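# Structural features, examined
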Amino acid sequence: MLNLHKSASAMAEAKNYFPGGVNSPVRSYANMGGNPPFIAKAQGSKIYDIDGNEYIDYVGSWGPMILGHAHPAVVQAVQEAAARGMSYGAPTLGETELAKLIRLAYPAMEMMRFVNSGTESTMSALRAARGFTGREKIIKFAGCYHGHSDSLLVNAGSGLATFGVPSSPGVTKGTAADTLTLPYNDANAVEKICAAEGENIAALIVEPVAGNMGLVLPRQGYLRFLRDITKKYGIILIFDEVMCGFRVALGGAQAAYGIKPDLTCLGKVIGGGVPMAAYGGRQEIMQKIAPLGPVYQAGTLSGNPLAMAAGIATLQVLTAEPEEGRADYSRELTLKTKELVLGWQEAAKEAKVAVQVRHAGSMFGLFFSEHEIWNYEDAAAADQEKFKIWFKAMLEQGIYLAPSQFETLFISTAHSREDIEKTIAAGREAFAAVRAAG
Ligand SMILES: *Cc1c(COP(=O)(O)O)cnc(C)c1O
């Protein structure tokens with residue numbers, strides 16, 4: 001049995017200070033039972049808790065750690081930056097350097113603005129879209145997560161063309177009324193709402209590869225459809241690539257699927273583990289942002305030197321020419337991910353446990369379901385009890401996964417062949433445990 005005594009007492013104390021003992025809800029393991037390991041340090045593909053347990057990490061801080069933990073180039077860049085001062089609140093060369101690296105991979109981001117979190121980036125992109133179009137409503141999709149700003153914490157009301165309803169207390173009905181929530185991967189639903197009130201809609205925001213209801217891929221032609229219909233109605237198409245950016249491909253889903261959105265949100269990977277995000281896109285939209293234009297948006301710590309240093313170092317490694325005889329980072333990550341996913345698939349089959357395993361670049365996920373998963377309704381119908389058994393069996397074997405079936409898992413460049421093999425073997429045991437539980 002995994003010894004988590006120190007973590008358990010650390011959690012008991014933390015609960016006196018933080019709601020649920022944590023500073024972001026999913027960390028609490030509330031749905032899995034038991035306490036989360038408290039983390040002491042991490043290195044490469046491994047993460048270590050205060051009880052001295054070692055795990056192979058597939059959470060990767062929920063996406064950012066694409067080079068693994070404490071990558072020497074990133075650590076050095078941040079240490080050097082820290083010695084020059086933590087923050088100036090004034091322009092620096094590092095900001096332009098990072099923007100150049102981002103725009104090379106995301107040419108649709110003609111102009112951009114750096115912010116401090118994915119939440120801020122989507123919130124600001126929506127404001128830009130509303131400011132540009134002079135319209136107020138937005139379309140989003142059930143199961144897509146775009147951070148926790150008020151207008152994005154909204155569920156579908158009853159009936160397609162009705163107002164949205166707040167999905168959290170504290171969000172006003174007025175705010176929710178402007179957010180229309182539709183099912184993912186359903187072209188009909190978008191067509192209907194656009195026909196009814198397309199000229200009132202400022203923006204359509206989407207995770208082009210959805211990672212916040214578990215990993216759900218767009219159906220063939222779906223993203224092209226969204227591009228075409230938004231163009232037809234003058235709606236700003238926002239790709240929220242905060243998670244899938246640099247993961248699905250170097251140039252994100254927009255490169256992988258060949259779609260040019262009007263605005264793009266990035267986060268996670270571009271800060272290399274330091275708080276940092278960005279939004280950007282068509283010049284004529286971004287020129288509406290203050291001080292150039294009237295749409296206000298600001299940040300005391302935006303473009304922070306430590307974040308710039310970590311982001312530049314990370315993107316430099318990702319975009320470097322591969323060494324002789326090696327695939328580029330993106331291909332290498334994809335191959336590793338595929339190997340793991342195929343290994344789990346086979347192990348599940350042997351154990352006679354029905355699963356849906358998917359991957360996109362270095363993102364992957366697993367649902368306990370006999371049916372393909374294309375939207376939130378499908379995902380929500382997957383077997384939560386089986387997932388719980390699986391999750392615990394994996395943790396016991398030193399495999400650190402996200403404590404929810406509605407999360408995506410990530411591989412880093414630091415994960416070795418041996419890590420993958422161990423993880424497949426652990427999966428075999430865990431599927432057997434699921435099977436044994438009936
Ligand atoms: C993580 C995430 C966000 C929110 O980013 P934070 O930095 O947690 O605020 C927004 N959109 C997507 C797609 C995400 O995965």
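Residues numbered from 1 in each chain as written. Predicted model: local features only at pLDDT ≥ 70, side-chain atom pairs only at ≥ 80, totals over all residues. Heavy atoms only, no water.

### A few points about the side chain of His 415
In this structure, His 415 sits in the loop between β16 (409–410) and α14 (417–436). Judged by its relative accessible area of 5%, His 415 is buried. Reaching out from His 415, the side chain makes a polar contact with the side chain of Ser 412 at a distance of 2.9 Å. Setting aside its immediate chain neighbours within four residues, His 415 contacts Ser 45, Ile 56, Asp 57, Tyr 58, Lys 336 and Phe 410. (Helix = DSSP H or I, 4+ residues; strand = E, 2+ residues; numbered from the N terminus. Buried < 20%, exposed > 50% of the residue type's maximum accessible area, 1.4 Å probe, protein only. Polar contact = N/O pair within 3.5 Å; in protein donor to acceptor, adjacent residues only side chain to side chain. Contact = heavy atoms within 4.5 Å.)

### Overview of the nonpolar core
Counting 67 residues, the largest nonpolar core has Tyr 58, Ile 102, Phe 246, Trp 344, Trp 390 and Phe 431 as the members making the most contacts within it. Structurally, this core is a two-domain feature, drawing no fewer than three residues from each of domain 1 (5–70 + 328–436) and domain 2 (72–319). Setting aside anything within four residues of it in sequence, one finds Phe 431 in contact with Trp 344, Ala 347, Ala 348, Ala 351, Val 353, Val 355, Leu 366, Phe 368 and Trp 390. Listed in part, the 30 residues of the second largest apolar core include Leu 180, Tyr 184, Leu 223 and Ala 382. (Core = buried A, V, L, I, M, F, W, Y, C linked by side-chain atoms within 4.5 Å. Domains from an automatic or database assignment.)

### Notes on the sheet that holds strand β15 (residues 399–400)
The strands making up a sheet are joined through hydrogen bonds of the backbone, oriented either antiparallel or parallel. The four strands are arranged β1-β2-β3-β15 in an open sheet whose pairing can be described as mixed. At either end of the open sheet lies a strand with only one pairing partner, and these are β1 (39–43) and β15. (Pairing = 2+ DSSP bridges.)

### Side note on the packing of aromatic side chains
This structure, assessed with the given rule, holds 14 aromatic pairs. Summarising the aromatic geometry, the rings of Tyr 55 and Tyr 400 are spaced 5.7 Å apart at their centres and angled 50° between planes, so their arrangement reads as tilted. Of this pair, Tyr 55 sits in strand β3 (residues 54–57) while Tyr 400 sits in strand β15, placing them 345 residues apart in sequence. Classification of Tyr 400 by relative accessible area gives buried; the value is 14%. A centroid spacing of 6.0 Å and a plane angle of 35° characterise the contact between Tyr 376 and Phe 406, whose relative ring orientation is tilted. Here Tyr 376, found in helix α12 (residues 376–380), pairs with Phe 406, found in the loop between β15 and β16; they are 30 residues apart in sequence, far enough to count as distant. Taken together, Tyr 58, Trp 344, Phe 364, Phe 368, Trp 390 and Phe 431 form an aromatic cluster joined through their ring pairs. (Phe/Tyr/Trp six-rings, centres within 6.5 Å; stacked < 30°, edge-to-face > 60°.)

### A short note on the pairing of strand β14 (residues 363–367)
For β14, the buried fraction is high: five of the five residues fall into the buried class. Every second residue of β14 is oriented toward a common face, with Met 363, Gly 365 and Phe 367 on one face and Phe 364 and Leu 366 on the other, all of them buried. By the bridge criterion, five bridges tie strand β13 (residues 356–360) to β14 in an arrangement that is antiparallel. Among the inter-strand pairings, Val 357 is bridged to a residue of β14, identified as Leu 366.

### Let's talk about the site of the ligand
All residues adjacent to the ligand are Ser 117, Gly 118, Thr 119, Tyr 145, His 146, Gly 147, Glu 207, Asn 212, Asp 240, Val 242, Met 243 and Lys 268. The separation between an oxygen atom of the ligand and a polar main-chain atom of Gly 118 is 2.8 Å. The backbone of Tyr 145 places a nitrogen or oxygen atom 3.2 Å from a nitrogen atom of the ligand. When the residues that make up the shell around the ligand are grouped by side-chain class, the tally is three nonpolar, six polar and three charged. (Near = heavy atom within 4 Å. Nonpolar A, V, L, I, M, F, W, Y, C, P; charged D, E, K, R; others polar.)

### Notes on helix α2 (residues 72–83)
Taking 1.5 Å per residue as the helical rise, α2 with its 12 residues ought to reach 16 Å, and the 17 Å between its terminal C-alpha atoms agrees with that figure. After α2 finishes, the residue Gly 85 shows a positive phi value of roughly 110°. (Expected span 1.5 Å × (residues − 1).)

### Topic: the pattern of salt bridges
The final tally for this structure, using the stated rule, is 10 salt bridges. Ionic pairing is found between Glu 339 and Arg 417, a salt bridge with its closest N-O pair at 2.7 Å. Here the residue Glu 339 occupies a position in helix α11 (residues 329–350), and Arg 417 occupies one in helix α14, the gap between them amounting to 78 residues. Overall, the relative accessible area of 26% leaves Glu 339 in the partly exposed class. One salt-bridge network, held together by shared partners, links Arg 227, Asp 262, Arg 282 and Glu 284. (Salt bridge = Lys/Arg side-chain N within 4 Å of Asp/Glu carboxyl O.)

### Looking at the packing of α11 against α14
Running from N to C, α11 and α14 point in directions that differ by 20°, and their axes come no closer than 9 Å. Compared by their axis directions, α11 and α14 come out roughly parallel. Seen from above, α11 lies across α14 with right-handed handedness. The residues of α14 that touch α11, namely those facing Lys 336, Glu 339, Leu 340, Gly 343, Trp 344, Ala 347, Ala 348 and Glu 350, are Arg 417, Ile 420, Thr 423, Ile 424, Gly 427, Arg 428 and Phe 431. Classifying every residue of the contact of α11 with α14 gives seven nonpolar, three polar and five charged. (Axes fitted to C-alpha atoms, helices over the stretch in contact; angles between N-to-C directions. Parallel < 35°, antiparallel > 145°, perpendicular 65-115°, else oblique. Left-handed = near helix turned anticlockwise from the far one by under 90°.)

### Remarks on the domain arrangement of the protein
Taken domain by domain, the protein holds domain 1 (5–70 + 328–436) and domain 2 (72–319). Here domain 1 and domain 2 have C-alpha centroids that lie 26 Å from each other. Residue-level contacts link 29 residues of domain 1 with 31 residues of domain 2. Joining domain 1 to domain 2, the criterion identifies zero salt bridges. Here domain 1 and domain 2 share seven residue pairs in polar contact (both at pLDDT 80 or more) between them. Elements with a minimum of two residues in the side of domain 1 that touches domain 2: α11, β13, β14 and α12.

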